Amino acid sequence: MKKENTLRFFALVMSMSAACTVFAANVDVQILSATVKDKKIANATLTLQKNGEQSITAITDAQGQASLNAPFADSADALLIVKTSGYSNLVVKCPCAGMTYAISPVMTNLDGMRIVLNWGATPKDLDSHIVYPDNHIYFSSMKGADAQLDVDDTTSYGPETITLERKHDGERYVYAVHDYTNRENPGLFLSKSSAKVFVYVGQTLIRTYYVPTNQVGNLWTVFAITEGGELQDFNTIKIVNSHERLQTAEFQGIINTSSVQHLTSDATSQTSAKTLNTKGELAYQAKKYDEAISFFQAAIELNGNYGQAYSNLGLTFQKAGRVAEALWANRKAIALASGNTAATVRASSHYNNGRIYEAAGQWGDALREYNYAKQQKNNPVYDTAIQRMMEKGAQ
């Protein structure tokens, strides 16, 4: 009996060891610059993590490559975090093995935005497009008004990077990804590409989009930037029969539409979001701004329509000195404001944006925001701010 128990124990240990072997994997990743073609990023810190598991860390070599020996599966419940000086942190859902990711240099302009596309081995050529009044930025037209295609890639993985140096107030922008390889043969290729779009403002990754799966088509319309600067999701795939159509009718048909996917969240997610928002408010009161930002972002991840969390996030970004991010969050709070306090929320958010522009010496932008605030609600503070900008010559 004793020998039998020993054999059973040995068999159990071997079984557990085999299971660990199955889940363990080498995750090989390469890190490039999002704005300089083929520039490898050395000495970046990569962390692979999964809830309940020990995190694994590695440093990229001169070729921007690193290998992480993970004791857990390289699956959708694992995250890869990339950090290095001078660049925005990247956080991406796995699977990550064999992938190349591009990281964005920190941006300093208040109204700038950087959009970075990465994908897998196939299709070889995905193209980034952004369309706004009198402008269409893509591989055949790489420069436009205050925007450019920094990097074009035709050999898999990416990046394809578009930088908006300055978003024009009152103009609508639409960003989409076209499967150029399968422009005449649409199927599930784009849907299976593992494509991801990363949106950066200032020093922060503010939004990540993952290509919808199991959808036939060769055009992924990802998001719009509204006239007021709010991000609106499309996140849909459709068939476009020719590249010529893409250049003309297809984008002209969506540039003025407001038909977007409305974010939804269930009751459990909304409750969890409120809990996270409360934790963020407590961290803010304790002047733990980075911690508060993380809580507010987590709340928004669960409930994308949570206006109060966006308003709190904007204020916290401002306190933390991340003013471009504060502008973005305040604009989202303005768009989501509702109920009896809507006018107050919109007015205060516009006023806070005006303060940011004023501190940067952008008098005209500050005046515009102060006027927007006054349109929402009368307040002598807004009148004083407007007069102050006019005395500085703002129009």
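All of the points below concern the structure found in this document. (Residues numbered from 1 in each chain as written. Predicted model: local features only at pLDDT ≥ 70, side-chain atom pairs only at ≥ 80, totals over all residues. Heavy atoms only, no water.)

### A few points about the sheet that holds strand S1 (residues 25-33)
With mixed pairing, the 3 strands of this open sheet are ordered in space as S4-S1-S7. Looking at the sheet topology across the chains shown, the edges are occupied by strand S4 (65-70) and strand S7 (100-103). Pairs of neighbouring strands in the sheet enclose a mean axial angle of 35°, with direction left out of account. Bridging between S1 and S4 involves 6 bridges; their strand directions are antiparallel. Paired with Val27 across the strands is Leu68, a residue of S4. (Pairing = 2+ DSSP bridges. Helix = DSSP H or I, 4+ residues; strand = E, 2+ residues; numbered from the N terminus. Axes fitted to C-alpha atoms, helices over the stretch in contact; angles between N-to-C directions.)

### Some remarks on the state of the cysteines
Within this structure, the stated rule accounts for 1 disulfide. Put simply, Cys94 and Cys96 are joined by a disulfide, and their sulfur atoms are 2.2 Å apart. Across the S-S bond linking Cys94 and Cys96, the dihedral sits near -90°, which makes this disulfide left-handed. On the basis of relative accessible area, Cys96 is assigned to the buried category, the value being 0%. (Disulfide = S-S within 2.5 Å. Buried < 20%, exposed > 50% of the residue type's maximum accessible area, 1.4 Å probe, protein only.)

### Digging into the pattern of salt bridges
A full pass over the atoms with the stated rule returns 14 salt bridges. Residue Glu325 pairs with Arg322 through a salt bridge whose shortest N-O separation is 3.8 Å. Grouping residues by exposure puts Glu325 and Arg322 together as buried. One salt bridge connects Lys374 with Asp383, and the closest N-O pair in it is separated by 2.8 Å. Within this structure, Asp111, Arg166, Asp169, Arg331, Asp365, Arg368 and Glu369 form a network of salt bridges that share partners. (Salt bridge = Lys/Arg side-chain N within 4 Å of Asp/Glu carboxyl O.)

### Examining the packing of helix H4 (residues 289-302) against helix H5 (residues 307-319)
The N-to-C vectors of H4 and H5 enclose an angle of 155°; their axes lie 9 Å apart at closest approach. Comparing the axis directions of H4 and H5 gives the class roughly antiparallel. As for the relative orientation of H4 and H5, their crossing is left-handed in sense. Residues Tyr289, Ala292, Ile293, Phe296, Gln297, Ala299 and Ile300 of H4 lie in contact with H5, whose contacting residues are Ala309, Tyr310, Asn312, Leu313, Thr316, Phe317 and Lys319. (Parallel < 35°, antiparallel > 145°, perpendicular 65-115°, else oblique. Left-handed = near helix turned anticlockwise from the far one by under 90°. Contact = heavy atoms within 4.5 Å.)

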